[in-house]
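One letter stands for each residue in the lines below.
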Amino acid sequence: MKVLVIGGGAREHAIAWKLSQSDKVKEIHIAPGNAGTSSIANNLPIRPTDIEALADAALARGIDLTVVGPETSLALGIVDLFQSRGIPVFGPTREATLIESSKAFAKGLMKKYGIPCAQSETFSSFEEARDYVKSQPAPIVVKADGLAAGKGSIVAQSREEALEALSEIMEERVFGSAGDRVVIEECLSGREASFLVFTDGRAVVPMVPACDYKRIFDGDQGLNTGGMGGYSPPGFFNEELTKTVMHAIMEPAVRAMAEEGKQYKGVLYAGLMLTDDGPKALEFNARFGDPENQVMMPRLKSDLVDIMLAVIDGTLDRVKVEWSEEASVGVVMASGGYPGSYKTGFPITGLDEIHEDILVFHAGTREEQGRICTDGGRVLTVVAMGETIARARERVYLNLPLIHFEGCHYRKDIAAE
Ligand code: AMP
Ligand code: GLY
């Protein structure tokens, strides 16, 4: 088979890496990929948002399976376009992607179908939203309705801060049309976890749970990022909790989408808050997680191609999805200054000095005169496996100092508890 992966981050490198282990895969293309993917795939210089060009490229190369990484491509309708051109593609349609691309839609769905979530109200008028915020106790969560590269949710510690966030979203329009509507939500507390499933619209198959770290500095300090590390499985996430989440959140969500005439196929990701009242959904995503996927793919024992084809064909109930008992820990190496401004083009050294069993998934990297250089904020996700989280953690932190580039920064507390 010839497969095409859309995206250029470490999440997509991990997808391509896993696909490359399938006996069925003869050729992998990735658009746009990075310096790491070029050793297992053919990098195509096409942006994930240029969905027409991607469809042309897929047709020209006789692609048998396309896997979409980023939500931006999904929200643009890449799956609908590929389907209309007869190119097999893994992921939800544009309408089904609403579960991620509109928080107002997702909240409406959760309320209508009794999926546990934070109390909330949706507003398209700034004045009404402002009055509502003024009536609520702090902390208050303010969310832009649309896609905002993971930056659209603000957990405000005071009413003033909530009003400021509201004004930025609805008046200054810092997220553009994503701020046409806002969701204002009660603040939940508890432990957070990421829970993903494969679904063909009927069968819903759980993946292993994972946790990610969003803040730039140790102890969850500093600005939000695209993710600074992750691990799987979280010790606090037992079989029983998995069952509860499947019955209360994931299965109802998939059924609800079908009932709404938006059959959901692909990966469905729930960001969970494990509250004293049980697990609640903070959000849904229509795709694999980043950096969760970098610690999940190495634990997947089954052939990812078999799973994806079954999702497309609607035969997921016939596929066995098996996971390794081993734990995994992934740490993101970022450019100095990220998530603020940073420089790129620094050579990365030590990639050939690390232990053989360490996985390095590239994100912001490019090849320059035969050398691998930095090319983005998040540069690499370095992953180790082990019998326990502690062993995996030990291994990853033993190897991280061997890799270097000017200004590199990584958190020292990933999977520390
Ligand atoms: P979201 O974009 O909805 O995933 O939110 C991003 C982050 O904001 C989550 O990972 C949580 O840490 C936090 N968050 C979102 N909604 C809530 C909420 N209702 N209560 C507390 N924290 C939240
Ligand atoms: N790790 C958060 C996300 O993928 O949205």
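First things first, this report covers the structure right here in the doc. (Residues numbered from 1 in each chain as written. Chains lettered and ligands numbered in written order. Predicted model: local features only at pLDDT ≥ 70, side-chain atom pairs only at ≥ 80, totals over all residues. Heavy atoms only, no water.)

Some thoughts on unusual backbone geometry
- Here the amide bond leading from A138 into P139 is cis, since omega sits at -5°, within 30 degrees of zero.
- By secondary structure assignment, the location of P139 is in the loop between α7 (126-135) and β7 (140-144).
- Cis geometry is found at the peptide bond from Y338 to P339, where omega equals 5°.
- As for its placement among the helices and strands, P339 is situated in the loop between β16 (327-334) and β17 (359-362).
- With a phi angle near 55°, R173 is a residue other than glycine that sits in the positive phi range.
- Its place among the elements puts R173 in the loop between α8 (159-170) and β9 (182-186).
- On the basis of relative accessible area, R173 is assigned to the partly exposed category, the value being 34%.
- Despite not being glycine, A415 shows a phi value in the positive range, around 60°. (Helix = DSSP H or I, 4+ residues; strand = E, 2+ residues; numbered from the N terminus. Buried < 20%, exposed > 50% of the residue type's maximum accessible area, 1.4 Å probe, protein only.)

Considerations on the packing of aromatic side chains
- For the structure shown, the criterion picks out seven aromatic pairs.
- On the numbers, 6.3 Å between centres and 65° between planes, the contact of Y338 with Y342 is edge-to-face.
- Residue classification places Y338 among the buried positions, given a relative accessible area of 15%.
- Judged by centre distance (6.3 Å) and plane angle (40°), the ring pair of Y397 and Y410 falls under tilted. (Phe/Tyr/Trp six-rings, centres within 6.5 Å; stacked < 30°, edge-to-face > 60°.)

Some points on the nonpolar core
- Judged by nonpolar contacts, the single largest core of 75 residues is most densely connected at I78, F82, I249, M250, L268 and F284.
- Broken down by element, the residue count for this core peaks at nine residues, all from helix α9 (residues 239-259).
- Ignoring any residue separated from it by four or fewer positions in sequence, one finds L268 in contact with I99, F195, L196, V197, M250, A253, V254, F284 and N285.
- Listed in part, the 42 residues of the second largest apolar core include I28, I30, V295 and V383. (Core = buried A, V, L, I, M, F, W, Y, C linked by side-chain atoms within 4.5 Å. Contact = heavy atoms within 4.5 Å.)

With respect to the environment of F123
- The residue F123 is located in strand β6 (residues 120-123) in this model.
- Note on F123: relative accessible area 11%, which makes it buried.
- A sequence separation of 33 residues divides F123 from F90, and the C-alpha atoms of the two residues are 33 Å apart.
- Sequence-distant contacts of F123, that is, excluding residues within four places in its chain, are made with E128, A129, Y132, M170, D180, R181, V182 and I184.

Observations concerning the site of ligand 1
- If you check the shell around ligand 1, you find 15 residues, and the closest are S153, E185, L188, E192 and E283.
- Contact between ligand 1 and E186: a nitrogen atom at 3.0 Å from a main-chain N or O atom of the residue.
- Within the contact set of ligand 1, a nitrogen atom lies 2.8 Å away from a backbone nitrogen or oxygen of L188.
- Contact with the protein chains covers 87% of the free accessible surface of ligand 1, which is 470 Å².
- Elements supplying a minimum of two residues to the shell around ligand 1: β7, β8 (153-156), β9 and β15 (278-285). (Near = heavy atom within 4 Å. Polar contact = N/O pair within 3.5 Å; in protein donor to acceptor, adjacent residues only side chain to side chain. Areas by Shrake-Rupley, 256 points an atom, 1.4 Å probe, with all protein chains shown as cover.)

Notes on the site of ligand 2
- Near ligand 2 you find D212, Y269, N285, R287, G289, D290 and E292, and these make up its full shell.
- With respect to ligand 2, the backbone of D290 contributes an N or O atom lying 2.9 Å from a nitrogen atom.
- In the model, a nitrogen atom of ligand 2 is placed 2.7 Å from a nitrogen or oxygen of the E292 side chain.
- Taken together, the residues of the shell around ligand 2 break down into one nonpolar, two polar and four charged. (Nonpolar A, V, L, I, M, F, W, Y, C, P; charged D, E, K, R; others polar.)

A closer look at the packing of α7 against α8
- Contact geometry for α7 and α8: axes closest at 10 Å, N-to-C directions at 165°. Classified by the angle between their axes, α7 and α8 sit roughly antiparallel to one another. Between α7 and α8 the crossing geometry is right-handed. For the pair formed by α7 and α8, the contact residues are F126, A129, R130, V133 and K134 on the first element and R159, A162, L163, L166, S167 and M170 on the second.
- Of the residues contributing to the contact of α7 with α8, the split by class is seven nonpolar, one polar and three charged. (Axes fitted to C-alpha atoms, helices over the stretch in contact; angles between N-to-C directions. Parallel < 35°, antiparallel > 145°, perpendicular 65-115°, else oblique. Left-handed = near helix turned anticlockwise from the far one by under 90°.)

Note that all results are geometric; they support no functional claim without further evidence.
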